[in-house]
Amino acid sequence: MKRGRHAKKQNIKISSFFIIIIILLILFFLVYYIFFKIESTKMVKIVKEYYRTENLNVDFGKNKVDKNLNFKYAYYINYPEISNKILDNLIKKKKNKIKSSFKKPSFINVINHNINYDIVNYELYSAPEKTFGLIFIKHKLNNKKKIISSSIYTSNYSMDLNEKLKDSYIFNSEYISVLNSYLIKYFKESKYDLKKNYDKIIKKIKPQYIITSKTLNIYYLEKDLLNKGTGIIKIEIPYDDISSVMNMDVHKKNNAKSEKIKKEYKKENKNMYLKKGTYLYKSDSKNSSVLKILKKGDSVKTTLKGQIFSKAIINNVEGYVINDYLSDDIIADFGYIDKKETVYAICDLDIKIKSSSNAVLASIKKGSSITRIGTSDNGFSEVIYDNKKGYIETNKLSISPVNDIPTNRKINPNRPMVALTFDDGPNPSSTGRILSTLSKYNAVATFFDLGKLVYAYPDVVKKEERLGCEVASHTYSHANLNNLSVQGILKEMEQSSNAFKSVLGHDVKLLRPPYGNANDLVKSTVPYPLIEWNIDTLDWKSRNKESILKEFRVTNNYDGKIILMHSIYAQTADAVEVIVPELINKGYQLVTISEMAYYKGVTLKKGQKYYSF
Ligand code: ZN
């Protein structure tokens, strides 16, 4: 009895101990939650306060639901001083206010969030209203803290700026009108039809000008200009084009800072190209004397790289070039429209060193491919050969592969010719018999083989080519390309191409789409000319020699025609034993598709259908 009571007492003690622990835990989490809620609401309020747009969509409370998201709110505030006492003080005050409001709650480290606010160190001036503002960049981070998306928000302070800054240089009309002039210049060059009411328009759209370390950014709302749309339009003007702004007193102090940065140089040894025209300066300052005018596309050798300038050598002259103008890629010369494409020589030709001279950089053969980086209306294309720039008459280049002279067999272009084509093979027995007949009469044909059978009967495919026939693709698996997505089409192309490469050592040049099917998507996707036919022997349907011959004899004129057969039927092989000598006796030359296109003067283009030549 005594013992039992004692035990009971102890039980009560233990259970009340647990209850207290649980209550404490609940309290802890409650406090934790409330504190978090208060802090996050405060954050939202602060952030919203500085946002001009309604787009802001922050809900700190919700984010904690998603455990996979890693949320961290980092911020930095680093305003440049802008040599204007009133404004600098204002910014400093604002900066401190934001900084203190963003005080990080101590527990915040343990909470995962996915949004990160940076207050960007940009100045923002709004022209007609004379306000100033902040810009926020909202970064979304993934759980590895990498930025996955960013958006820009701005906030304006009209405050009593009008009063305080009335006499301030920064908002004087000269500064604003210089900024406006960049926007007007943009409008003049743009497609907008603004009827020259630029001043009126600027008043209406209230553009915001932001000078970053690299550009002048101009923002305005789409609907303010076009009376429609919801987006913010951003215009970026390169730093180098805004020299008249940067030379104004208001920015001199910033420039002085950048002077300091640019003195640090690292060794570099690179061949670079000019993205657009600029100057080779004597020293690393835009105010220094100009040693040379540089054209877009000029190549320079850099020896030192700094923050703003690189030391560079061009034609033995050494000086400084602004980094933003340099590119690793070869760039087309001034006057040439930039391109980056593979083109083909339509005849044997010379690559000239200059379009204006006859000096030759190299000669290339008909059908050779070459990289074109620019075209000009002077009739020349700028090309890259052996890492050097050269020039070729544009009319001697084709963007589609050009048939190189496909054979050394003697073909008389003035005599009639016909192309026999065989699909769906190779097949070890029928294809073999067809090849025997062709070789007996010293004739050739074109075989549209299936990639999967190419792997199965590699020796037959090799024999087709060895006998002078043309081997071409009929896809990998006889897919109806019209039913496939772009990825599906490309997969068929790649698989069949791999089959030919592995068996023949090279890709083929032509495609016959199964069923002749090639819709617009197929045409724009396949990298081959599409070879159809205009005489169908219907061998696949009849499987009968006499019927095949009947269909074959539908015409008296075979010149330039493409005859469709299949290399997998014995009856077709039987018919071919009749067809080949019959055509030869009538005076026809039996040729491949590429030979016929070539001798009929047709340049085959990828994605285009051909029924005859
Ligand atoms: Zn077929």
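Cut-offs and rules
- Residues numbered from 1 in each chain as written.
- Predicted model: local features only at pLDDT ≥ 70, side-chain atom pairs only at ≥ 80, totals over all residues.
- Heavy atoms only, no water.
- Helix = DSSP H or I, 4+ residues; strand = E, 2+ residues; numbered from the N terminus.
- Buried < 20%, exposed > 50% of the residue type's maximum accessible area, 1.4 Å probe, protein only.
- Contact = heavy atoms within 4.5 Å.
- Areas by Shrake-Rupley, 256 points an atom, 1.4 Å probe, with all protein chains shown as cover.
- Donors = N, O, S within 2.8 Å, 3.2 Å for Na, K, Ca; no water.
- Axes fitted to C-alpha atoms, helices over the stretch in contact; angles between N-to-C directions.
- Parallel < 35°, antiparallel > 145°, perpendicular 65-115°, else oblique.
- Nonpolar A, V, L, I, M, F, W, Y, C, P; charged D, E, K, R; others polar.
- Salt bridge = Lys/Arg side-chain N within 4 Å of Asp/Glu carboxyl O.
- Arc of directions from axis to C-beta.
- Pairing = 2+ DSSP bridges.
- Phe/Tyr/Trp six-rings, centres within 6.5 Å; stacked < 30°, edge-to-face > 60°.
- pLDDT = per-residue confidence, 0-100.
- Patch = residues over 30% accessible without salt bridge, like charges linked within 9 Å, V, L, I, M, F, W, Y side chains within 5 Å.

Comments concerning the overall build of the chain
Here comes step 1: A count of helices and strands for the chain gives 18 helices and 29 strands.
Here comes step 2: Taking all 613 residues of the chain together, the buried fraction comes to 46%.
Here comes step 3: Long-range pairs, those at least 24 residues apart, make up 67% of the contacts in the chain with a sequence separation of at least 6.
Here comes step 4: Of the accessible surface of the chain, which amounts to about 32,800 Å², a share of 51% is contributed by carbon and sulfur atoms.

Brief notes about the coordination of the zinc ion
Here comes step 1: The coordination sphere of the zinc ion, as far as protein atoms go, consists of D424 (OD), H474 (NE2) and H478 (NE2), spread over 2.1 Å.
Here comes step 2: All donor residues of the zinc ion come from one chain, and their arrangement in sequence is D-x49-H-x3-H.

Concerning the packing of helix α10 (residues 430–440) against helix α17 (residues 570–585)
Here comes step 1: One way to put it is that α10 packs onto α17 with a least axis distance of 9 Å and a crossing angle of 5°. The angle between α10 and α17 places the two elements in the roughly parallel class. From α10, S430, R433, I434, T437 and L438 reach across to α17, where they touch A570, T572, A573, D574, V576, E577 and V580.
Here comes step 2: Taken together, the residues that form the contact of α10 with α17 break down as six nonpolar, three polar and three charged.

Section: the pattern of salt bridges
Here comes step 1: Considering all chains together, one arrives at 12 salt bridges under this definition.
Here comes step 2: Between D423 and R512 there is a salt bridge, with the nearest N and O atoms lying 2.8 Å from each other. Residue D423 is located in strand β22 (residues 417–423), and its partner R512 is located in the loop between α13 (486–504) and α14 (520–525); the two are separated by 89 residues in the primary sequence.
Here comes step 3: On the basis of relative accessible area, D423 is assigned to the buried category, the value being 3%.
Here comes step 4: Residues joined in a network through salt bridges with shared partners are K352, E393 and K396.

A word on the environment of T555
Here comes step 1: Secondary-structure assignment places T555 in the loop between α16 (545–552) and β27 (562–566).
Here comes step 2: Judged by its relative accessible area of 19%, T555 is buried.
Here comes step 3: With 20 residues separating them in the primary sequence, T555 and I535 have C-alpha atoms 8.8 Å apart.
Here comes step 4: Not counting residues up to four positions away in its chain, the partners in contact with T555 are I535 and K561.

A few points about helix α6 (residues 198–205)
An α-helix turns once every 3.6 residues. As a result, residues three or four positions apart point the same way.
Here comes step 1: If you check which residues of α6 are buried, you get Y198, I201, I202 and I205. For α6, the buried positions fall inside an angular range of 100° around the axis, keeping them on one side. Seen from the buried face of α6, the exposed residues on the opposite side, beyond 90 degrees, are D199, K200 and K203.
Here comes step 2: Residue K206 follows α6 closely and has a positive phi angle near 45°.

Digging into the pairing of strand β18 (residues 369–375)
Here comes step 1: Most of β18 is tucked away: five of the seven residues are buried.
Here comes step 2: Bridge count between strand β15 (residues 337–345) and β18: six bridges; the pairing is antiparallel. Bridging from a neighbouring strand, I337 pairs with T375 of β18.
Here comes step 3: Across four bridges, β18 lies against strand β19 (residues 380–385) in antiparallel orientation. Each bridged residue has a counterpart across the sheet, and for G374 the counterpart in β19 is E382.
Here comes step 4: Taking the residues between adjacent antiparallel strands as the criterion, β18 and β19 are bridged by four residues, where G379 takes a positive phi near 90°.

Things to note about the packing of aromatic side chains
Here comes step 1: This structure, assessed with the given rule, holds 13 aromatic pairs.
Here comes step 2: Seen in terms of ring centroids, Y455 and Y476 are 6.4 Å apart; in terms of plane orientation they differ by 65°. Their pairing is edge-to-face. In this pair, Y455 sits in helix α11 (residues 451–456) while Y476 sits in the loop between β24 (470–473) and α13, placing the two residues 21 residues apart along the sequence.
Here comes step 3: Residue class for Y455 comes out partly exposed when judged on its relative accessible area of 40%.
Here comes step 4: These aromatic residues form a ring-pair network of at least three members: Y186, F187 and Y198.

Points about the confidence of the model for the chain
Reading fine detail from the predicted coordinates is not recommended where pLDDT is low.
Here comes step 1: Summarising the model, the chain shows a mean pLDDT of 75, and 68% of its residues fall at 70 or more.
Here comes step 2: Contacts of residues 43–83 to residues separated by more than four positions or lying in other chains number 125 contacts, the stretch itself having pLDDT below 50.
Here comes step 3: Low pLDDT, under 50, characterises residues 101–138; the stretch is placed with 177 contacts to residues that sit more than four places away or in other chains.

With respect to a nonpolar patch on the surface
Here comes step 1: Among the surface-exposed residues, I14, F17, F18, I21, I22, L25, I26, F28 and F29 lie close enough to one another that they form a single nonpolar patch of about 910 Å² accessible area.
Here comes step 2: Within the secondary structure layout, I21 lies in helix α1 (residues 2–49).
Here comes step 3: Owing to a relative accessible area of 34%, I21 belongs among the partly exposed residues under this scheme.

A short note on unusual backbone geometry
Here comes step 1: A cis geometry characterises the amide bond from G425 onward to P426, with omega recorded as 0°.
Here comes step 2: Here P426 lies in the loop between β22 and α10.
Here comes step 3: The backbone phi angle of D424 is positive, close to 75°, even though this residue is not glycine.
Here comes step 4: Mapped onto the elements of the fold, D424 is located in the loop between β22 and α10.
Here comes step 5: The class of D424 is buried, set by a relative accessible area of 14%.
Here comes step 6: The phi angle at T475 is positive, at roughly 75°, despite the residue not being glycine.
Here comes step 7: Residue position: T475 is located in the loop between β24 and α13.
Here comes step 8: According to the relative accessible area criterion, T475 is buried, its value standing at 0%.

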